[in-house]
Amino acid sequence: MNNKKYFNSSNKVFSWLDKYINLERGQKPKSFLLERMEVLTELANHPERCAPSIHIAGSKGKGSVTGMLSAMLTAAGFRAARYMSPHVVDIRERICLGDSYFDEEIYVSAGDELRHITEDLLPAKNNTLFDINEPNGSEPTFWELLTLLFFLCARQAKCDAMVVETGMGGRLDSTNVLDPLVTVITLIELEHTSILGGTIAEIAGEKAGIIKSGKPLILAKQNNEALKVFVEKAKEKNSPIYYYPEIAELSKLNITKQGTEFDLSFNVNNISNNSSTPHSAHYTLKIPLPGKVQAENASLAVAALNVFFNEISHTKTQISGELNRKLTAQGVVLDKAIRDGLANFRIPGRFENITSKYTRGDIPFIIDGAHTAESFSLCVDTFCSLYGEGGVLIFGCAADKDAAAMAKPACGKFSKIIITTPGTFKISDPAKVYETFAKEAGQEKTELVKDTNEAVRQTQCYAKENNLPILGAGSFYLVSEIRKIVLNQPYSEPAR
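Just so it is clear, the structure is predicted and the values come from calculations on it, not from any experiment.

Criteria and cut-off values
Residues numbered from 1 in each chain as written. Predicted model: local features only at pLDDT ≥ 70, side-chain atom pairs only at ≥ 80, totals over all residues. Heavy atoms only, no water. Helix = DSSP H or I, 4+ residues; strand = E, 2+ residues; numbered from the N terminus. Buried < 20%, exposed > 50% of the residue type's maximum accessible area, 1.4 Å probe, protein only. Contact = heavy atoms within 4.5 Å. Areas by Shrake-Rupley, 256 points an atom, 1.4 Å probe, with all protein chains shown as cover. Pairing = 2+ DSSP bridges. Axes fitted to C-alpha atoms, helices over the stretch in contact; angles between N-to-C directions. Left-handed = near helix turned anticlockwise from the far one by under 90°. Nonpolar A, V, L, I, M, F, W, Y, C, P; charged D, E, K, R; others polar. Right-handed = clockwise from strand over helix to strand, strands pointing away. pLDDT = per-residue confidence, 0-100. Salt bridge = Lys/Arg side-chain N within 4 Å of Asp/Glu carboxyl O.

Observations regarding the overall build of the protein chain
Of regular secondary structure, the protein chain possesses 17 helices and 17 strands. Here the protein chain holds 496 residues, and 58% of them are scored as buried. Restricting the contact set of the protein chain to residue pairs at least 6 apart, pairs at least 24 apart contribute 75%. About 19,800 Å² of surface is accessible on the protein chain, with carbon and sulfur atoms providing 47% of the total.

Listed below in structure tokens is the structure:
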């Protein structure tokens with residue numbers, strides 16, 4: 001039992017973590033080894049096993065699916081720990097209880113435990129995986145320790161369930177120490193090609209690494225190349241697949257500035273057959289996020305929640321048994337939890353309207369962390385369908401993103417495009433992005449303003465003068481900066 005007290009606030013915990021290698025900043029460990037995380041969880045007495053879990057991977061939509069699952073579990077009365085990235089306003093968004101932060105003492109106590117493991121127990125173990133002088137040795141990374149901090153918070157808070165989003169890939173991601181009851185894989189696109197591979201099949205292979213033996217997979221619509229990989233891996237693991245195009249149907253889709261309403265029908269009888277959780281095969285739902293893609297994300301989340309409760313009812317482990325008894329005792333009506341959870345779902349930076357506190361009037365200002373070609377194209381289409389073409393785009397992305405693929409859907413849709421720096425957290429090349437967009441949209445419509453504060457100011461002024469709506473997109477890091485500037489909220493990234 002650790003009695004050492006290292007921290008007196010969550011800020012101190014995250015500041016201490018910040019000294020470790022951070023892949024999001026482009027820093028590289030000597031190796032990517034899941035074995036390092038396995039050693040850490042063993043030293044922590046396996047907090048990743050403290051509650052049944054749902055594990056989510058994918059190129060786009062995984063954050064929304066994670067948040068929606070957490071919201072529905074919370075609406076059902078469960079203490080659901082939520083792990084996701086990146087954060088937009090506060091780093092604690094990554095480690096939450098439902099859609100709220102954990103109590104401060106949970107972060108502090110878990111931080112004390114984490115530091116004890118890292119500085120006292122780990123050196124005593126003398127494991128070559130952590131010896132920087134060894135060929136494959138490397139100290140723990142920021143992401144590995146952040147993931148362990150999440151598991152420690154979930155255990156200390158006595159959570160009923162965990163909803164866990166992968167950071168990058170899946171097979172070697174630190175979250176893959178989980179043995180979840182259900183896995184979810186969202187749409188696959190080319191991303192992080194220097195690490196995950198240069199083809200859809202290679203990237204799908206990394207994502208497929210989260211599929212566990214005998215555990216159901218909820219799979220979003222994929223192209224044939226990715227689908228083949230997932231089908232083969234699921235067959236190898238003897239894992240049943242619930243493939244979105246085959247199990248679900250959306251209808252009566254109504255997208256407005258306030259959100260999305262839709263009907264969702266399942267065409268498989270066993271999507272939910274737990275007698276302790278009354279359910280429907282048909283739902284009428286609404287979410288406060290505009291866009292068909294968000295309705296599809298919600299559909300994946302609903303399917304995953306139903307299958308999750310099925311697995312709880314049929315799994316005889318002590319942990320799931322305790323949750324099942326709680327389910328039965330509370331007489332949870334799953335339909336209501338689904339409706340209420342989705343209706344009240346909020347997440348920063350996902351087609352978020354920050355107009356209400358806009359400092360220059362009532363010009364619509366939408367921010368969205370769309371950072372892949374497909375997600376950005378869908379974001380632009382949704383924005384133009386609601387606010388019309390000819391608005392203003394403020395755009396920035398990290399150097400490892402495909403700016404050319406995102407420039408194409410923006411071409412002809414905006415009267416003004418301002419390219420800027422997406423914060424300082426990741427390496428970026430705004431001048432190169434500008435050249436790419438200027439080539440597609442024309443130099444007369446495209447402008448480079450490297451300073452983000454000045455770029456936001458010029459965007460606001462141009463939009464106000466011409467009465468035009470604004471879309472800020474391309475990177476969650478840019479969205480975070482825009483949100484901070486426009487809403488005048490301090491950004492709580494740990495001190496460096």
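Having seen the structure, we can now continue with the description.
Looking at the sheet that holds strand β17 (residues 470-473)
Across the sheet, six strands lie side by side as β12-β13-β17-β14-β15-β16; this open sheet has mixed pairing. If you trace the sheet from one side to the other, it starts and ends with β12 (352-353) and β16 (446-448), each paired once. As paired strands, β12 and strand β13 (residues 365-368) are joined by two bridges and run antiparallel to one another. The residue of β13 that forms the bridge with N353 is I366. The strands touched by helix α17 (residues 476-487) within the sheet are β12, β13, β14 (391-395) and β17, with β13 carrying the most contacts at an inclination of about 145°.

Some remarks on the packing of helix α2 (residues 34-43) against helix α5 (residues 142-156)
At a minimum axis separation of 10 Å, α2 and α5 run at an interaxial angle of 35°. α2 and α5 meet at a crossing whose hand is right-handed. Note on element contacts: α5 touches α2 through E144, L145, T147, L148 and F151, opposite R36, M37, L40 and T41. Of the residues that constitute the contact of α2 with α5, the class distribution is five nonpolar, two polar and two charged.

Quick notes on the environment of I21
When you line up the elements, I21 lands in the loop between α1 (10-17) and α2. Residues I21 and E144, spaced 123 residues apart in sequence, show a C-alpha to C-alpha distance of 9.6 Å.

Side note on the pairing of strand β15 (residues 414-419)
Among the six residues of β15, five are classified as buried, and the element is accordingly described as predominantly covered. Here β14 pairs with β15 via five bridges, running parallel. Across the sheet, residue G391 finds its bridge partner in β15, namely F414. For the crossover from β14 across helix α14 (residues 403-410) to β15, the handedness is right-handed. Both β15 and β16 contribute to a ladder of three bridges, which runs parallel. Directly across from I418, in β16, lies its bridge partner E447.

Re the confidence of the model for the protein chain
Averaged over every residue, the pLDDT of the protein chain is 88; the share at 70 or more is 87%. Averaged pLDDT values over the elements of the protein chain bottom out at 59 in helix α6 (residues 193-196) and peak at 98 in strand β2 (residues 80-83). Predicted confidence is poor over residues 273-278, with pLDDT under 50, and the contacts of this stretch with residues over four places away or in other chains come to 20 contacts. In the model, residues 489-496 has pLDDT below 50 throughout and makes 27 contacts with residues more than four positions away in sequence or in other chains.

Focus on the environment of A234
Locating A234 in the fold gives a position in helix α8 (residues 224-237). By relative accessible area, which is 2% here, A234 ends up buried. In the structure, A234 is positioned 19 residues away from K215 in sequence and 9.1 Å away in space, judged by C-alpha atoms. Discounting residues that sit within four places of it in the chain, A234 has contacts with I211, S239 and I241.

As for the pairing of strand β11 (residues 282-287)
Alternating residues of β11 divide into Y283, L285 and I287, all buried, and H282, T284 and K286, none buried. Sheet topology places strand β10 (residues 259-266) next to β11; six bridges connect them, and they run antiparallel. Among the inter-strand pairings, S265 is bridged to a residue of β11, identified as H282.

Side note on the pattern of salt bridges
In the structure shown here, the tally under the stated rule is 21 salt bridges. The shortest N-O distance in the salt bridge between D90 and R92 comes to 3.0 Å. Judged by its relative accessible area of 12%, D90 is buried. The partner of E352 in a salt bridge is R483, and the shortest N-O contact between them spans 2.6 Å. Of the two residues, E352 is situated in strand β12 and R483 in helix α17; the sequence distance between them amounts to 131 residues. You'll find E352 and R483 in the same group, each marked buried. Taken together, the shared-partner salt bridges connect K19, R115 and E119 into one network.

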